[in-house]
Amino acid sequence: MSLIKEIDYGTPVSRSDKMVTLTIDGNQVTVPEGTSIMRASMEAGIAIPKLCATDMVDAFGSCRLCLVEIEGRNGTPSSCTTPVMEGQVVHTQTGRLKSLRKGVMELYISDHPLDCLTCAANGDCELQDMAGAVGLRDVRYGQDGANHVFKQGRNDGALNAKWMPKDESNPYFTYDPSKCIVCSRCVRACEEVQGTFALTIEGRGFNSRVSPGMHESFLGSECVSCGACVQACPTATLTEKSVIEIGQPEHSKVTTCAYCGVGCSFKAEMRGEELVRMVPYKDGKANRGHSCVKGRFAYGYAHHKDRILKPMIREKITDPWREVSWEEAYGRVASEFKRLQTQYGRNSIGGITSSRCTNEETFLVQKLIRAGFGNNNVDTCARVCHSPTGYGLNQTFGTSAGTQDFDSVEHTDVVMVIGANPTDGHPVFGSRLRKRLRQGAKLIVIDPRRIDLVRSPHIEAAHHLALRPGTNVAIMTALAHVIVTEGLQDDAFIRERCENEEFRDWVEFVSQPQYSPEAVELLTGVPAQEVRGAARLFATGGNGAIYYGLGVTEHSQGSTTVMAIANLAMVTGNIGRKGVGVNPLRGQNNVQGSCDMGSFPHELPGYRHISDPATREIYENIWGVILQDEPGLRIPNMLDAAVEGTFKGIYIQGEDILQSDPDTRHVAAGLEAMECVVVQDLFLNETANFAHVFLPGSTFLEKDGTFTNAERRINRVRKVMTPTNGYADWEVTQNLARAMGLNWNYTHPSQIMDEIAMTTPTFANVSYELLEREGSVQWPCNAKAPLGTPVMHIDHFVRGKGKFMRTEYVATDERSGPRFPLLLTTGRILSQYNVGAQTRRTENVAWHAEDRLEIHPHDAEVRGLRDGDWVKIASRSGETTLRALVTDRVTPGVVYTTFHHPTTQANVVTTDFSDWATNCPEYKVTAVQISASNGPTQWQQEYREHSDASRHIETALDTVS
């Protein structure tokens, strides 16, 4: 094994179709028009020295090291900023160029520390490499660092006012101004790639320095620690603390991030089995070489002291945990589950698959439940996030997933973001979206809260429809009303691609006066003219793309809103090509994959209903069992049945339903009523408070497999270190299946994927061999699309013709009133992930150490609350306390919080109202009252006491006593 070295071509690739031929150092080179001479040379294998140039950002031309000579042209232009021309003759190495480059390097070295032997970048420093490349052997100007290298003068000892100390405020990297060559690569990466504009160059000439914000520390500035600046830096100015501590890596493997649904590809760079750093992979088709603070830096949880590495059991949930062998743990689970089924019936147990585990592991869990437990009581976290996506898109388009790849955003003209916060929840895609918006695409935001996209550097939404929580359907139908009544629909697309009778019925429905923007303004609070303006823009502005998130699905009408979104895309003809489409932004890294793999109680892998005999026969023949033909229990049904006394055992792999699911008290009651709760995870999570068996899980760094991201992209996950607990998650499930009498003999996850491909039409052509060759593919990947399908529904919908659906607005039963006058909505924040089990065990807590309640200044003043005050938030379901954050991001009457910290347990106040079609909880609309508080509620105190007691692990001392 060795380090994977990616070629840096110096400047971005040209997208021109016109080709140009030129001669470089006697070699004929043909490249697209608009390509720089530097890139053309590199593509021919001729490396021109450079410092300020990198292919992640546009050419800058400041270092003057990449000079070339062009026949027939005076001077020595920089190759990074000079485009190729037909017939050009370029020389990259002449006596004149050698002399000029040495002179340039002398100037750089004269003001740079020469501590190369002890520098963290030794062996990975472009300045060092370029000094060698140009043959620099001496520096005429001395090496005293008169500018800013030394704190004190070498001769007189006087303090140097130009010297600046190292900034170590960021938990993940350092900034050493003495090593900065002011190439501006970090500044440009922050602007062009990330889009935060947190860095600038302060001063002029020799006083120039990189500055975070207005001469702030990195931690105190607007920097979001995406790592783009660190990746771009050619010296040790910006260096990962892990590299400083461990040293340079010696080998690497490409794998896939285990955080959000973007599915970024990274090079895990290692020394032995120690992870040195995660470097975003430029050939990763989802992230194109970019990253966020979580994927880039927040991997420390893999070796956190809280991680459980040995199986544990206990008789009662009030007992301390007892460490046991794997064999004893498997035996306990198998015997208990068999006992429960004998005593209470075959349907008395079930399981929950993980959206953080691989496709292969998820496939095995649902297989264990169907073939081993003999029932269909299997569900996944998509139940509480994107199950309405599956239902709504299946009804209208015929498939349960998004329509585009992420590259598609580069071709869009109008972007509609509804109920999503891409810059926080899907930050790498958020950066790509912001880049497109800075290039001129228009933006419509539909959200009760002013997310960052509404107004950020060089971006302002054309329309922000700040609707009341719970009125999504009303606003979407009003948009359709405007398009239809003003004749803005795409008649040709509708006539050719959609069912005519359903369309006519839908037009009759949305044309009714009660769905006009003026009528729905009373419901939504959005001015009618804003709605009309947004509708006209989306219908007439060119390629229109819709991106949505949990602010759409987590409602009592989540499925209805998804269908309304599909209607809007079809009526405007924005389906089936680049730059358009309906794109759900999936929350967890493999929530799409968990759905694909048959984790719902009514569907087998590939979204085929369990009642279909032909589909069941495929699995029955391979698995050697008879499958139930009726859907099993959903998660809420399992909990209800447990409280009623008919559901007694559950196997939960990699999910924390006590913290993530709504109405925490009800979840706790359901778990407490069960006789055997088995949790498989990295840590003793909140659900484990009620567990009887704990099976240690493995991280994404310790296993092979695949994840499927929000764009249906199947990406390889590669094992880079030995599982600390001894087994990958798929091996644990297999061993458990064997303990229950199943004859499973997989030796590698590739064999599981072969079984998936054999049984699932949309995965028919997927194999590890294909993924190794292509990097990644998007399903459907089969005989019709052997290399996958980046854009869906190009010539026709999966269901044949698109189906318009009536989307009548039905107000939620959860309403504000005198007792609970405010509406609570919830969401995520950039630095934390889901229930925080991973990110809370990293340095990311530096940015978000607690959940806060956002409240409008008016609502805060009425209640006598100030920023930072402790407040009690109470609903019909429960109450909890947290600190207030007074902000105008939310509108009067609306409050907002995150749910990353278990000490807050925001879901203790959310209700059990859910989507009419899928039971997806209505997290986004909870009527609450806010009041001043002196401390934790009684429930919080009791919960913490129980939680602390539930984490006690029996030791030898306990046994003696």
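Here we summarise the structure given alongside this text. (Residues numbered from 1 in each chain as written. Predicted model: local features only at pLDDT ≥ 70, side-chain atom pairs only at ≥ 80, totals over all residues. Heavy atoms only, no water.)

1. Let's talk about the layout of surface pockets
The line we're drawing: Buried and open spaces are told apart on a 1 Å grid over the protein atoms alone, a cavity being a set of points where a 1.4 Å probe fits but cannot get out and a pocket being an open set with protein on both sides within 12 Å along at least five of seven lines. Residues with an atom within 4 Å of a point are the lining residues. Grid points are joined across faces, edges and corners, and a volume is the space filled by probe spheres set on the points. What counts as a helix is a DSSP run of H or I of at least four residues, what counts as a strand is a run of E of at least two, and both are numbered from the N terminus. Any residue that is not Ala, Val, Leu, Ile, Met, Phe, Trp, Tyr, Cys, Pro, Asp, Glu, Lys or Arg is counted as polar, Gly included; the first ten are nonpolar and the last four charged.
The computed volume of the largest pocket comes to approximately 1500 Å³. Lining the largest pocket are 46 residues; nearest its centre among them are V13, R15, R288, E410 and R432. Listed by contribution, the elements that provide at least two residues to the lining of the largest pocket are α4 (185-194), α12 (427-438) and β30 (776-778). If one sorts the elements of the lining of the largest pocket by residue count, α12 sits on top with five residues. Grouping the constituent residues of the lining of the largest pocket by class yields 14 nonpolar, 13 polar and 19 charged.

2. A closer look at empty space enclosed by the protein
Counted under the stated rule, the structure contains 13 cavities of 30 Å³ or more. Quantified by volume, the largest cavity comes out at close to 580 Å³. Lining of the largest cavity is provided by 41 residues; of these, L550, G551, T826, G827 and K924 occupy positions nearest its centre. For the lining of the largest cavity, the elements supplying multiple residues, two or more each, are α11 (422-425), α18 (550-553) and β31 (822-827). Of the residues assigned to the lining of the largest cavity, the class counts are 17 nonpolar, 17 polar and seven charged. If you go around the second largest cavity, you meet 16 residues; those closest to its centre are R356, L682, S698, K703 and D729. Residue classes in the lining of the second largest cavity are distributed as five nonpolar, seven polar and four charged.

3. Some details on the packing of aromatic side chains
Rules: Paired rings are identified among Phe, Tyr and Trp, the last through its six-membered ring, by centres lying within 6.5 Å, and are further divided according to the angle between planes into stacked (under 30 degrees), edge-to-face (over 60) and tilted (the rest). Under the scheme applied here, a residue whose accessible area is under 20% of the maximum for its type counts as buried, over 50% as exposed, and between as partly exposed, the area being computed with a 1.4 Å probe on protein chains only.
One pass over the full model with this rule turns up 25 aromatic pairs. Measuring from ring centre to ring centre gives 5.0 Å for Y172 and F297, while their planes differ by 5 degrees; the resulting arrangement is stacked. Residue Y172 is found in the loop between α3 (126-133) and β5 (173-175), and its partner F297 is found in helix α7 (residues 293-297); the two are separated by 125 residues along the sequence. For Y172, a relative accessible area of 10% gives the class buried. Residue classification places F297 among the buried residues on the basis of a relative accessible area of 5%. Between F429 and Y547 the ring centres are 4.8 Å apart and the planes differ by 40 degrees, which places this aromatic pair in the tilted class. In this pair, F429 is assigned in helix α12 and Y547 in strand β21 (residues 544-548), connecting sequence segments 118 residues apart. F429 sits in the buried class, given a relative accessible area of 1%.

4. Re unusual backbone geometry
Residue P780 is reached from W779 by a cis peptide bond, and omega for that bond is 0 degrees. Mapping P780 onto the fold places it in the loop between β30 and β31. A positive phi angle, close to 50 degrees, is found at R288, a residue other than glycine. Phi angles above zero are rare outside glycine, and H458 is one such case at about 65 degrees. In this fold, H458 is placed in the loop between β18 (455-456) and β19 (459-460). What makes H458 exposed here is its relative accessible area of 62%.

5. Some words on the pattern of salt bridges
Selection rule: For this document, the term salt bridge refers to a Lys or Arg side-chain nitrogen within 4 Å of an Asp or Glu carboxyl oxygen.
Following the criterion strictly, the structure yields 52 salt bridges and no others. In this structure, the salt-bridge partner of R713 is E711, at a minimum N-O distance of 2.6 Å. Residue classification places R713 among the buried positions, given a relative accessible area of 4%.

Everything listed here is a matter of coordinates, which is why it stays silent on function.
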